[in-house]
Amino acid sequence: MENRHFLEHVIAANFTNRLGEETLHVMRECFLAFRIALVMPKNAPYKPNFDAVVVRAVEAGLVKYWNEDMLRRSRCMGQEEPQDDSDERQFTVSDLEGAWVILGLGVMSAFVAFLAELATRHLHPPVLCQFGF
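Residues numbered from 1 in each chain as written. Predicted model: local features only at pLDDT ≥ 70, side-chain atom pairs only at ≥ 80, totals over all residues. Heavy atoms only, no water.

Some remarks on the overall build of the protein
Reasoning step 1: When its secondary structure is counted, the protein shows four helices and zero strands.
Reasoning step 2: Ordering the α and β elements of the protein from the N terminus gives α-α-α-α.
Reasoning step 3: Looking at the protein residue by residue over its 133 residues, the buried ones come to 9%.
Reasoning step 4: Looking at the protein alone, contacts between residues at least 24 apart form 55% of all its contacts between residues at least 6 apart. (Helix = DSSP H or I, 4+ residues; strand = E, 2+ residues; numbered from the N terminus. Buried < 20%, exposed > 50% of the residue type's maximum accessible area, 1.4 Å probe, protein only. Contact = heavy atoms within 4.5 Å.)

Structure, rendered in structure tokens:
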């Protein structure tokens, strides 16, 4: 049943024309049953209280109300005229100028560190330990 609500929401949001007609249909019969679960530790002391709250919410019709409200809002959004996104612009390389500068500074500092390691290697050659066996 919950999967049906999700599908109805997707259809209302994405497959509803300007006249409010849905272009897709959800079957009433489910050919596969999916269960939804909340994971809790085994023998959790708060599980009975949590179960009671969930049952009360379902019996009070809150879950059904929330689903219907979500569908209503999705249908309204699907019927709205597409807005002109004039404030959006294309992403360009110049937008990443700061990232390129930071990358260049990092590469240059790595190169300087590499040259410093080469210089100190010639000044202080590595000491090899020799074991007398």
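Having seen the model, we can carry on.
Observations regarding the environment of aspartate 95
Reasoning step 1: Within the element layout of this structure, aspartate 95 appears in the loop between α3 (62-79) and α4 (97-123).
Reasoning step 2: Excluding residues that lie within four positions of it along the chain, aspartate 95 makes contacts with Arg89 and Gln90.
Reasoning step 3: A distance of 3.0 Å separates the side chain of aspartate 95 from the backbone nitrogen of threonine 92, its partner in a polar contact. (Polar contact = N/O pair within 3.5 Å; in protein donor to acceptor, adjacent residues only side chain to side chain.)

So, a nonpolar patch on the surface
Reasoning step 1: Taken together, the side chains of Phe91, Val93, Leu96, Trp100, Leu103 and Val107 make up a nonpolar region of the molecular surface, amounting to roughly 650 Å² of accessible area.
Reasoning step 2: Summarising the element assignment, phenylalanine 91 is placed in the loop between α3 and α4.
Reasoning step 3: Take phenylalanine 91: its relative accessible area is 64%, and that puts it in the exposed class. (Patch = residues over 30% accessible without salt bridge, like charges linked within 9 Å, V, L, I, M, F, W, Y side chains within 5 Å. Areas by Shrake-Rupley, 256 points an atom, 1.4 Å probe, with all protein chains shown as cover. Salt bridge = Lys/Arg side-chain N within 4 Å of Asp/Glu carboxyl O.)

A few points about helix α2 (residues 47-59)
Reasoning step 1: Its 13 residues place the ends of α2 18 Å apart at the C-alpha level, agreeing with the 18 Å of an ideal helix rising 1.5 Å per residue.
Reasoning step 2: Just past α2, the residue glycine 61 takes up positive phi, approximately 85°. (Expected span 1.5 Å × (residues − 1).)

Concerning the pattern of salt bridges
Reasoning step 1: Tallied over the entire structure, the rule returns three salt bridges.
Reasoning step 2: For aspartate 69, the salt bridge identified is with arginine 72, shortest N-O distance 3.0 Å. Of this pair, aspartate 69 and arginine 72 are both found in helix α3, three residues apart, which corresponds to roughly one turn of the helix.
Reasoning step 3: A network of salt bridges, in which partner residues are shared, links Asp69, Arg72 and Arg73.

Things to note about the confidence of the model for the protein
Reasoning step 1: Overall, the prediction assigns the protein a mean pLDDT of 77, with 74% of residues at 70 or greater.
Reasoning step 2: Summarising per-element confidence for the protein, the mean pLDDT is lowest in helix α1 (residues 2-14) (75) and highest in α4 (92). (pLDDT = per-residue confidence, 0-100.)

Things to note about the environment of asparagine 14
Reasoning step 1: Looking at the element boundaries, asparagine 14 is found in helix α1.
Reasoning step 2: Using a relative accessible area of 56% as the deciding quantity, one classes asparagine 14 as exposed.
Reasoning step 3: When the C-alpha positions of asparagine 14 and leucine 24 are compared, they lie 9.8 Å apart, and in sequence the two are ten residues distant.

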